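# Examining the three-dimensional arrangement
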Amino acid sequence: MPSLPWSDIDTVLLDMDGTLLDLHFDNHFWLEHLPQRYAELHGVSRAMAEMELQPLFERHAGQLQWYCLDFWSAELKLSVRELKQETAHLIALRPDADTFLEALKRAGKRVIMITNAHRDSLSLKLERIELAPYFERLISSHDYGYPKENPQFWDALQADIGFEPARSLFIDDTLPILRSARDFGVAHLLAVKEPDSRKGPRDTAEFAAVEDYRSLIANL
(Lines give C-alpha, C1' and ligand atoms only; values in the text may rest on other atoms or scores of the structure.)
Protein backbone atom coordinates (compact mmCIF):
# COMPACT_ATOMS: atom_id res chain seq x y z
CA MET A 1 0.00 0.00 0.00
CA PRO A 2 1.48 3.36 -1.01
CA SER A 3 2.29 5.95 1.62
CA LEU A 4 0.72 9.27 0.69
CA PRO A 5 2.57 12.59 1.18
CA TRP A 6 -0.35 14.19 2.99
CA SER A 7 1.52 17.44 3.61
CA ASP A 8 1.55 17.92 -0.18
CA ILE A 9 -2.19 17.27 -0.59
CA ASP A 10 -4.83 19.93 -0.03
CA THR A 11 -7.73 18.59 -2.09
CA VAL A 12 -9.07 15.03 -2.17
CA LEU A 13 -11.26 14.14 -5.15
CA LEU A 14 -13.23 10.93 -4.72
CA ASP A 15 -15.27 8.82 -7.09
CA MET A 16 -18.38 7.14 -5.66
CA ASP A 17 -19.26 3.79 -7.29
CA GLY A 18 -16.53 1.21 -6.79
CA THR A 19 -14.48 3.68 -4.76
CA LEU A 20 -16.63 4.58 -1.75
CA LEU A 21 -19.53 2.25 -2.52
CA ASP A 22 -19.31 -1.43 -3.38
CA LEU A 23 -19.60 -1.82 -7.17
CA HIS A 24 -21.60 -5.02 -6.67
CA PHE A 25 -24.86 -3.02 -6.75
CA ASP A 26 -24.09 -1.50 -10.15
CA ASN A 27 -22.66 -4.67 -11.68
CA HIS A 28 -25.62 -6.72 -10.49
CA PHE A 29 -28.08 -4.14 -11.78
CA TRP A 30 -26.62 -3.73 -15.28
CA LEU A 31 -25.49 -7.31 -15.86
CA GLU A 32 -28.23 -9.29 -14.10
CA HIS A 33 -31.29 -7.35 -12.98
CA LEU A 34 -31.76 -5.06 -15.98
CA PRO A 35 -31.43 -7.83 -18.61
CA GLN A 36 -33.90 -9.99 -16.66
CA ARG A 37 -36.47 -7.21 -16.25
CA TYR A 38 -35.95 -6.06 -19.86
CA ALA A 39 -36.75 -9.62 -20.99
CA GLU A 40 -39.88 -9.75 -18.81
CA LEU A 41 -41.16 -6.30 -19.76
CA HIS A 42 -40.58 -6.77 -23.50
CA GLY A 43 -41.66 -10.40 -23.68
CA VAL A 44 -38.37 -11.83 -24.94
CA SER A 45 -36.02 -14.50 -23.60
CA ARG A 46 -33.16 -13.60 -21.27
CA ALA A 47 -30.69 -14.66 -23.98
CA MET A 48 -32.37 -12.40 -26.53
CA ALA A 49 -32.39 -9.52 -24.03
CA GLU A 50 -28.64 -9.87 -23.57
CA MET A 51 -28.10 -10.03 -27.35
CA GLU A 52 -30.02 -6.77 -27.73
CA LEU A 53 -28.44 -4.98 -24.77
CA GLN A 54 -24.77 -5.90 -25.19
CA PRO A 55 -24.14 -3.97 -28.44
CA LEU A 56 -25.88 -0.92 -26.95
CA PHE A 57 -23.73 -1.05 -23.85
CA GLU A 58 -20.56 -1.39 -25.89
CA ARG A 59 -21.52 1.46 -28.24
CA HIS A 60 -22.09 3.98 -25.45
CA ALA A 61 -19.46 2.92 -22.87
CA GLY A 62 -17.33 5.79 -21.60
CA GLN A 63 -19.69 8.45 -22.97
CA LEU A 64 -21.96 10.65 -20.89
CA GLN A 65 -25.13 8.86 -22.05
CA TRP A 66 -23.73 5.58 -20.68
CA TYR A 67 -24.25 7.02 -17.19
CA CYS A 68 -27.58 8.75 -17.94
CA LEU A 69 -30.75 7.13 -16.62
CA ASP A 70 -32.93 9.30 -18.86
CA PHE A 71 -31.03 8.08 -21.92
CA TRP A 72 -31.40 4.40 -21.01
CA SER A 73 -35.04 4.76 -20.02
CA ALA A 74 -35.82 6.20 -23.45
CA GLU A 75 -33.54 3.78 -25.31
CA LEU A 76 -34.88 0.67 -23.58
CA LYS A 77 -38.48 1.85 -23.17
CA LEU A 78 -38.63 1.21 -19.44
CA SER A 79 -38.06 3.15 -16.21
CA VAL A 80 -34.48 2.58 -15.13
CA ARG A 81 -35.14 4.64 -11.99
CA GLU A 82 -37.89 2.26 -10.86
CA LEU A 83 -35.82 -0.82 -11.69
CA LYS A 84 -32.91 0.53 -9.63
CA GLN A 85 -35.24 0.92 -6.66
CA GLU A 86 -35.94 -2.82 -6.88
CA THR A 87 -32.31 -3.62 -6.03
CA ALA A 88 -31.50 -0.63 -3.80
CA HIS A 89 -31.03 -2.95 -0.80
CA LEU A 90 -27.69 -3.97 -2.40
CA ILE A 91 -26.22 -0.46 -2.08
CA ALA A 92 -23.38 -0.73 0.43
CA LEU A 93 -20.36 1.20 1.65
CA ARG A 94 -16.92 -0.25 0.96
CA PRO A 95 -15.08 -1.34 4.14
CA ASP A 96 -13.79 1.60 6.20
CA ALA A 97 -14.68 4.19 3.53
CA ASP A 98 -16.53 6.17 6.21
CA THR A 99 -13.50 5.92 8.52
CA PHE A 100 -11.36 7.38 5.74
CA LEU A 101 -13.84 10.20 5.06
CA GLU A 102 -14.05 11.06 8.76
CA ALA A 103 -10.24 11.20 9.00
CA LEU A 104 -10.04 13.52 5.96
CA LYS A 105 -12.61 15.80 7.56
CA ARG A 106 -10.71 15.92 10.86
CA ALA A 107 -7.47 16.66 9.00
CA GLY A 108 -9.06 19.69 7.33
CA LYS A 109 -8.64 18.46 3.77
CA ARG A 110 -10.90 19.80 1.04
CA VAL A 111 -12.98 16.76 0.02
CA ILE A 112 -15.07 16.75 -3.16
CA MET A 113 -16.99 13.92 -4.79
CA ILE A 114 -16.75 13.71 -8.56
CA THR A 115 -18.92 10.98 -10.04
CA ASN A 116 -20.19 10.03 -13.47
CA ALA A 117 -23.39 8.86 -11.80
CA HIS A 118 -26.59 10.53 -12.99
CA ARG A 119 -28.17 12.77 -10.37
CA ASP A 120 -31.01 10.27 -9.89
CA SER A 121 -28.50 7.48 -9.17
CA LEU A 122 -26.63 9.76 -6.79
CA SER A 123 -29.85 10.63 -4.93
CA LEU A 124 -30.83 6.97 -4.63
CA LYS A 125 -27.47 6.09 -3.10
CA LEU A 126 -27.42 9.07 -0.74
CA GLU A 127 -30.82 7.95 0.57
CA ARG A 128 -29.22 4.65 1.60
CA ILE A 129 -25.73 5.77 2.65
CA GLU A 130 -25.10 9.06 4.46
CA LEU A 131 -22.16 10.45 2.50
CA ALA A 132 -23.09 14.09 1.90
CA PRO A 133 -21.87 15.49 5.29
CA TYR A 134 -18.29 14.49 4.47
CA PHE A 135 -18.09 16.55 1.29
CA GLU A 136 -17.73 20.20 0.36
CA ARG A 137 -19.39 19.42 -2.99
CA LEU A 138 -21.07 16.47 -4.70
CA ILE A 139 -20.43 16.93 -8.41
CA SER A 140 -21.97 14.81 -11.16
CA SER A 141 -20.30 14.88 -14.57
CA HIS A 142 -23.81 15.52 -15.94
CA ASP A 143 -23.53 19.00 -14.37
CA TYR A 144 -20.78 19.80 -16.88
CA GLY A 145 -21.95 17.78 -19.89
CA TYR A 146 -18.79 15.67 -20.10
CA PRO A 147 -17.84 12.37 -18.44
CA LYS A 148 -14.66 12.16 -16.39
CA GLU A 149 -13.00 10.29 -19.26
CA ASN A 150 -13.16 13.51 -21.32
CA PRO A 151 -10.45 16.20 -20.85
CA GLN A 152 -13.19 18.85 -20.94
CA PHE A 153 -14.59 17.50 -17.68
CA TRP A 154 -11.35 18.46 -15.94
CA ASP A 155 -11.34 21.93 -17.48
CA ALA A 156 -14.91 22.42 -16.23
CA LEU A 157 -14.02 21.11 -12.77
CA GLN A 158 -11.06 23.47 -12.57
CA ALA A 159 -13.23 26.44 -13.58
CA ASP A 160 -15.88 25.43 -11.04
CA ILE A 161 -13.88 24.64 -7.88
CA GLY A 162 -10.45 26.15 -8.56
CA PHE A 163 -8.36 23.24 -7.29
CA GLU A 164 -4.62 22.85 -7.74
CA PRO A 165 -3.93 19.57 -9.60
CA ALA A 166 -0.37 19.34 -8.30
CA ARG A 167 -1.66 19.33 -4.71
CA SER A 168 -4.62 17.00 -5.25
CA LEU A 169 -5.32 13.32 -4.67
CA PHE A 170 -7.84 11.52 -6.86
CA ILE A 171 -9.14 8.01 -6.17
CA ASP A 172 -11.21 6.18 -8.80
CA ASP A 173 -11.80 2.57 -9.82
CA THR A 174 -11.79 3.21 -13.60
CA LEU A 175 -8.39 3.22 -15.31
CA PRO A 176 -9.29 5.42 -18.33
CA ILE A 177 -10.58 8.04 -15.89
CA LEU A 178 -7.39 7.94 -13.85
CA ARG A 179 -5.40 8.37 -17.06
CA SER A 180 -7.54 11.38 -17.98
CA ALA A 181 -6.86 12.92 -14.56
CA ARG A 182 -3.14 12.24 -14.95
CA ASP A 183 -3.12 13.94 -18.35
CA PHE A 184 -4.73 16.98 -16.72
CA GLY A 185 -1.92 17.10 -14.17
CA VAL A 186 -3.45 15.59 -11.03
CA ALA A 187 -0.32 14.56 -9.14
CA HIS A 188 -1.54 11.92 -6.70
CA LEU A 189 -3.61 9.08 -8.15
CA LEU A 190 -4.88 5.83 -6.68
CA ALA A 191 -6.94 3.05 -8.23
CA VAL A 192 -9.10 0.62 -6.24
CA LYS A 193 -7.94 -2.97 -5.94
CA GLU A 194 -11.34 -4.59 -5.36
CA PRO A 195 -14.21 -2.29 -6.39
CA ASP A 196 -16.75 -5.16 -6.46
CA SER A 197 -16.62 -7.27 -3.30
CA ARG A 198 -17.98 -10.30 -5.18
CA LYS A 199 -15.38 -10.32 -7.97
CA GLY A 200 -12.06 -10.28 -6.10
CA PRO A 201 -8.91 -8.18 -6.68
CA ARG A 202 -8.03 -6.94 -10.15
CA ASP A 203 -5.02 -5.63 -12.03
CA THR A 204 -4.83 -1.85 -11.73
CA ALA A 205 -2.12 -1.56 -14.40
CA GLU A 206 0.27 1.34 -13.86
CA PHE A 207 -1.59 2.75 -10.84
CA ALA A 208 -0.99 2.01 -7.18
CA ALA A 209 -4.24 0.89 -5.59
CA VAL A 210 -6.24 1.20 -2.38
CA GLU A 211 -6.77 -2.13 -0.66
CA ASP A 212 -7.48 -0.92 2.87
CA TYR A 213 -8.65 2.63 3.60
CA ARG A 214 -7.31 2.43 7.14
CA SER A 215 -3.76 2.13 5.79
CA LEU A 216 -4.21 5.40 3.87
CA ILE A 217 -4.84 7.40 7.03
CA ALA A 218 -1.94 6.03 9.07
CA ASN A 219 0.14 9.18 8.54
CA LEU A 220 -2.70 11.65 7.89
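Just so you know, the residues in each chain are numbered from 1, in the order the chain's sequence is written. Predicted model: local features are reported for residues with pLDDT of at least 70 only, side-chain atom pairs are reported and counted for 80 or more only, and whole-chain, interface and lining totals are derived from all residues. To obtain the side-chain values, all non-hydrogen atoms of the structure were used and water was disregarded.

Under the annotation held in an unreviewed UniProt entry, the chain carries the name Hydrolase of the HAD superfamily and is attributed to Pseudomonas helmanticensis.

### Overview of the overall build of the chain
Defined as follows: In this text, helices come from DSSP runs of H or I with a minimum length of four residues, and strands from runs of E with a minimum of two, each type numbered from the N-terminal end. Just to be clear, the radius of gyration here is over C-alpha atoms, and the globule rule we use is 2.2 Å times residues to the power 0.38. Exposure classes here rest on a 1.4 Å probe applied to the protein chains alone. A residue is buried below 20% of its type maximum, exposed above 50%, and partly exposed in between. In this analysis, two residues are considered to be in contact whenever any of their non-hydrogen atoms come within 4.5 Å of each other. A 1.4 Å probe and the Shrake-Rupley method give the accessible areas. Residues count as covered only by the protein chains that appear here. Working convention for charge: Lys and Arg count positive, Asp and Glu count negative, and His plus the chain ends are omitted. All charge positions are set by atom: Lys at NZ, Arg at CZ, Asp at CG, Glu at CD.
What the chain contains, in helices and strands, is nine helices and six strands. Against the 2.2 N^0.38 benchmark of 17 Å for 220 residues, the chain shows a C-alpha radius of gyration of 18 Å, consistent with a compact globule. Its C-alpha atoms put the chain at 60 × 30 × 30 Å along the principal axes. Taking all 220 residues of the chain together, the buried fraction comes to 49%. Residue pairs at least 24 apart in sequence account for 67% of intrachain contacts in the chain once pairs closer than 6 positions are excluded. Taken as a whole, the chain presents about 9900 Å² of accessible surface, with 48% of it coming from carbon and sulfur. Counting 24 positive and 36 negative side-chain charges, the chain places the centres of these two groups 1 Å from one another.

### Description of helix 8 (residues 175-184)
Regarding helix 8, the residues found buried are L175, I177, L178, S180 and A181. Where helix 8 is buried, its residues touch helix 7 (151-161), strand 4 (168-171) and strand 5 (188-192).

### Quick look at the packing of aromatic side chains
The condition is simple: The pairing test for Phe, Tyr and Trp rings, Trp by its six-membered ring, is centres within 6.5 Å, and the orientation test on the planes gives stacked under 30 degrees, edge-to-face over 60, and tilted for anything in between. Throughout this description, the term charge over a ring refers to an Arg CZ or Lys NZ atom that lies within 6 Å of the ring centre and within 35 degrees of the ring normal.
What the rule picks out here adds up to 14 aromatic pairs. Arranged with centres 5.4 Å apart and planes meeting at 80 degrees, the rings of F57 and W66 form a pair that is edge-to-face. Here the aromatic residues F29, W30, F57, W66, F71 and W72 are joined through ring pairs into a cluster of three or more. The ring of F29 has K84 lying over it, and the distance from NZ or CZ to the ring centre is 5.4 Å.

### Some points on the layout of surface pockets
Put simply, the rule is: Using protein atoms alone on a 1 Å grid, points that fit a 1.4 Å probe yet trap it form a cavity, whereas open point sets bounded by protein on both sides within 12 Å along at least five of seven lines form a pocket; residues with an atom within 4 Å of a point count as lining. Grid points are joined across faces, edges and corners, and a volume is the space filled by probe spheres set on the points.
For the largest pocket, the calculated volume is near 770 Å³. Forming the boundary of the largest pocket are 33 residues, of which L23, D26, N27, W66 and Y67 lie nearest the centre. Of all the secondary structure elements, the ones that give two or more residues to the lining of the largest pocket are helix 1 (24-42), helix 2 (46-60) and helix 6 (119-128). With four residues, helix 1 is the largest single contributor of residues to the lining of the largest pocket.

### Section: the environment of I139
Here I139 lies in strand 3 (residues 137-140). Here I139 falls in the buried class, since its relative accessible area comes to 0%. The sequence separation of I139 and K84 amounts to 55 residues, and the corresponding C-alpha distance is 21 Å. Not counting the four nearest positions on each side in its chain, I139 is found in contact with I112, M113, I114, T115, R119, Y144, L157, D160 and I161.

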